[in-house]
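Below, each chain spelled out in residue letters.
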Amino acid sequence: MRIFIWHGYLLHGTGSNEYTRALARTLAGQGHQVTVFSQDPDAAQIDLGGAVVVRPSLPGRLPVFVLDRYPDMEPALLGDCSREELDAFVEANAAALRDHGPADLLIANHVLLGAPVAAASGLPSLVKAHGSELEYAMRANSTLCQWAARSLQQCLGVIAGSEHIKAVVTDLGGTDPQAITVIPPGVDTDFMRPLPREQALAGLLAEARADVPGGERLPDPGNAGRFAQFLRTDDHPCVVYVGKLSHEKGVPLLVDVLTELDFRAVVVGFGPARAAAQAAAGDRILFTGPLQHRHLRYLWPLMDVSVVPSVFPEAFGMVAAEAAACGCPPLVADHSGLAEVAAGLRRFYPPGLRDITTFPGGDAPALARKLQLYAGLDPSQRAELAAAARVAAVELWSWDTVAHHVIEAADL
């Protein structure tokens with residue numbers, strides 16, 4: 001098939017960016033002719049498995065859900081953009097799709113602005129709902145919800161990463177639940193896998209030494225030396241957080257709990273909460289800036305538990321699934337798509353350890369209690385839990401399975 005994937009942002013960093021890159025690479029590897037439309041200025045340096053990359057020209061600002069810095073683009077919150085701005089953005093992207101057409105299938109990311117772009121393109125299309133557009137832009141904005149609903153009616157269907165997101169799309173987009181297919185995001189379970197400690201540490205240090213210093217979206221300079229010092233002993237537990245450093249992601253809550261418990265932890269990511277969180281943290285918490293998958297494939301096997309403490313709804317919980325693939329058991333807030341990841345893990349966990357997967361969102365004492373349970377595990381229990389997490393990831397979230405399900409959802 002000739003497949004177009006439209007994603008209005010970058011191809012690295014956050015969840016929807018990584019989803020787009022991995023889906024494109026997998027579909028291309030399965031023999032499809034794939035073209036990716038994105039705004040990533042460095043797309044030529046990203047492995048897309050042979051997929052072609054197109055960067056549509058923008059008529060003005062880049063509509064976003066959360067304000068971040070973008071290279072050579074001016075971002076603006078979607079709700080703050082005029083309808084004229086949004087219409088111009090949609091038409092510019094739809095024109096790029098039409099100019100490179102035809103295609104057998106268009107996969108458009110985000111209900112807004114993916115659904116309007118897909119509808120305007122005239123191509124047979126699926127819309128992938130990611131969650132950020134739903135919670136940060138559409139919720140409490142009836143005008144945007146109505147626009148989304150009209151646009152979705154012109155598409156073949158919607159892909160949701162979890163039952164939670166399916167319910168939100170039904171609620172906010174007025175979409176028939178029968179038109180929504182739940183397909184969890186995928187994990188490259190060949191790349192993300194358990195490794196012996198010595199191999200994982202050597203790999204992490206080698207990748208950190210290869211880092212090129214840059215801005216907040218790149219790893220901190222000098223990480224290799226800090227990793228070598230921080231990970232020189234194999235003390236348990238060692239906790240890791242990977243994601244945006246923001247209040248919504250629960251980072252201040254996690255840092256407070258870790259500091260109170262005096263646990264060793266690595267905090268990976270960038271965002272508005274970094275400065276305050278780092279100031280509040282003790283010297284047993286290492287902040288690294290954002291890391292890429294080439295680092296994380298070595299970091300997660302060195303950790304005992306990967307915490308996802310979001311206080312805001314999550315579409316799925318890709319970080320948790322990737323950690324599980326590396327044999328690092330996730331501990332997630334018990335809500336939204338995160339709870340569905342935990343439910344999948346519990347199917348494979350030993351009966352006595354199934355309650356160790358979640359804690360009530362925003363509940364610091366409960367998070368502390370669960371982390372103390374991890375601290376009390378003996379070596380055999382840690383190994384058993386790591387092995388079960390790996391099996392769950394392979395069985396439930398491999399990318400080949402996800403890509404096949406996406407094509408099946410189009411029913412072409």
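Scroll up to find the structure.
Conventions used here
- Residues numbered from 1 in each chain as written.
- Predicted model: local features only at pLDDT ≥ 70, side-chain atom pairs only at ≥ 80, totals over all residues.
- Heavy atoms only, no water.
- Axes fitted to C-alpha atoms, helices over the stretch in contact; angles between N-to-C directions.
- Helix = DSSP H or I, 4+ residues; strand = E, 2+ residues; numbered from the N terminus.
- Parallel < 35°, antiparallel > 145°, perpendicular 65-115°, else oblique.
- Contact = heavy atoms within 4.5 Å.
- Nonpolar A, V, L, I, M, F, W, Y, C, P; charged D, E, K, R; others polar.
- Polar contact = N/O pair within 3.5 Å; in protein donor to acceptor, adjacent residues only side chain to side chain.
- Phe/Tyr/Trp six-rings, centres within 6.5 Å; stacked < 30°, edge-to-face > 60°.
- Buried < 20%, exposed > 50% of the residue type's maximum accessible area, 1.4 Å probe, protein only.
- Lys NZ or Arg CZ within 6 Å of the ring centre and 35° of its normal.
- Pairing = 2+ DSSP bridges.
- Salt bridge = Lys/Arg side-chain N within 4 Å of Asp/Glu carboxyl O.
- 1 Å grid on protein atoms, 1.4 Å probe; cavity = no way out; pocket = protein on both sides within 12 Å on 5 of 7 lines; lining within 4 Å.
- Points joined across faces, edges and corners; volume = space filled by probe spheres on them.
- Right-handed = clockwise from strand over helix to strand, strands pointing away.
- Left-handed = near helix turned anticlockwise from the far one by under 90°.

Draft legend 1. View of the packing of helix H1 (residues 15-29) against helix H16 (residues 399-410). Running from amino to carboxyl end, H1 crosses H16 at an angle of 85 degrees, the nearest separation of the two axes being 10 Å. By the angle class used here, H1 and H16 are roughly perpendicular. Touching Tyr19, Ala22, Leu23, Thr26 and Leu27 of H1 are Trp399, Asp400, Ala403, Val406 and Ile407, all from H16. For the contact of H1 with H16, the per-class residue count stands at eight nonpolar, one polar and one charged.

Draft legend 2. Structural view of the side chain of histidine 32. Among the structural elements, histidine 32 can be located in the loop between H1 and strand E2 (33-37). Within the structure, histidine 32 has its side chain in polar contact with the backbone nitrogen of methionine 1 (distance 3.3 Å). Residues in contact with histidine 32, not counting those within four places in the same chain, are Met1, Ile3, Leu27 and Ile407.

Draft legend 3. Main features of the packing of aromatic side chains. A full pass over the atoms with the stated rule returns six aromatic pairs. An angle of 5 degrees between the planes, with centres 5.1 Å apart, marks the rings of tyrosine 136 and phenylalanine 312 as stacked. Taken together, the residues span a long stretch of sequence, with tyrosine 136 in helix H4 (residues 132-138) and phenylalanine 312 in the loop between strand E13 (305-308) and helix H12 (318-325) at a distance of 176 residues. Relative accessible area serves as the criterion here: at 34%, tyrosine 136 is assigned to the partly exposed category. A relative accessible area of 26% means that phenylalanine 312 is categorised as partly exposed. Here the guanidinium or amino end of arginine 83 rests over the ring plane of tryptophan 147, the centre of that ring lying 4.0 Å away. One Lys or Arg, arginine 264, reaches over the ring of phenylalanine 230 and ends 4.9 Å from the middle of that ring.

Draft legend 4. Local environment of the sheet that holds strand E8 (residues 157-160). Taken together, seven strands build an open sheet; the order of strands is E3-E2-E1-E6-E7-E8-E9 and the sheet is parallel. Lying at the two open borders of the sheet, with one neighbouring strand each, are strand E3 (52-54) and strand E9 (180-182). Along the sheet, successive strands turn relative to each other by an average axial angle of 25 degrees, direction set aside. Examined bridge by bridge, E2 and E3 share three bridges and lie parallel to one another. By the bridge assignment for E3, valine 36 is matched with valine 53.

Draft legend 5. Spatial organisation of the pattern of salt bridges. What the rule picks out here adds up to 16 salt bridges. The shortest N-O distance in the salt bridge between aspartate 234 and arginine 197 comes to 3.5 Å. With a gap of 37 residues between them, aspartate 234 in the loop between helix H8 (223-230) and strand E10 (238-242) and arginine 197 in helix H7 (residues 197-209) connect regions that are remote in the sequence. Relative accessible area serves as the criterion here: at 41%, aspartate 234 is assigned to the partly exposed category. On the basis of relative accessible area, arginine 197 is assigned to the partly exposed category, the value being 22%. We note a salt bridge from arginine 274 to aspartate 220, for which the minimum N-O separation is 2.6 Å.

Draft legend 6. Summary view of the layout of surface pockets. One number sums up the size of the second largest pocket: a volume of about 710 Å³. Lining the second largest pocket are 30 residues, and of these His12, Glu18, Arg21, Ile46 and Gln292 sit closest to its centre. Elements with a contribution of two residues or more to the lining of the second largest pocket: H1, helix H11 (293-299) and H12. In terms of residue count, the dominant contributor to the lining of the second largest pocket is H1 (six residues). For the lining of the second largest pocket, a count of residues per class yields twelve nonpolar, seven polar and eleven charged.

Draft legend 7. Quick look at the pairing of E2. With four of five residues buried, E2 is to be regarded as a mostly interior element. The handedness of the strand E1 (residues 2-6) to E2 crossover, carried by H1, is right-handed.

Draft legend 8. A look at the packing of helix H13 (residues 336-346) against helix H15 (residues 379-397). Across the interface, H13 lies against H15 with an axial gap of 9 Å and an inter-helix angle of 115 degrees. One way to sum up the angle between H13 and H15 is to call them roughly perpendicular. Crossing geometry of H13 relative to H15 is assigned as right-handed. Residues Val341, Gly344 and Leu345 of H13 lie in contact with H15, whose contacting residues are Ala389, Ala392, Leu396 and Trp397. For the contact of H13 with H15, the residue count by class is six nonpolar, one polar and no charged.

Draft legend 9. Layout of the environment of phenylalanine 348. Here phenylalanine 348 is to be found in the loop between H13 and strand E15 (358-359). Taking the C-alpha atoms as reference points, phenylalanine 348 and alanine 275, separated by 73 residues in sequence, lie 38 Å from one another.

Draft legend 10. The arrangement of the environment of isoleucine 407 in detail. Along the chain, the position of isoleucine 407 falls in helix H16. Once the C-alpha coordinates of isoleucine 407 and leucine 27 are considered, the two residues, 380 residues apart in sequence, prove to be 9.2 Å apart. For isoleucine 407, the residues in contact, after removing those within four places along its chain, are Met1, Ile3, Leu27, His32 and Leu105.

Draft legend 11. Inspection of the pairing of strand E7 (residues 125-129) at higher detail. Burial of E7 is extensive: five of the five residues sit out of reach of the surface. The two faces of E7 match: Ser125, Val127 and Ala129 on one face and Leu126 and Lys128 on the other face are all buried. Of the strand pairs in this sheet, strand E6 (residues 105-109) and E7 are connected by four bridges, and their pairing is parallel. Within E7, the position partnered with leucine 106 by the bridge is serine 125. Since E6 and E7 lie parallel, the crossover through helix H3 (residues 111-121) that links them has a hand, and here it is right-handed. Of the pairings in the sheet, the one linking E7 to E8 comprises four bridges and is parallel in character. The residue bridging alanine 129 from the neighbouring strand is alanine 160, located in E8.

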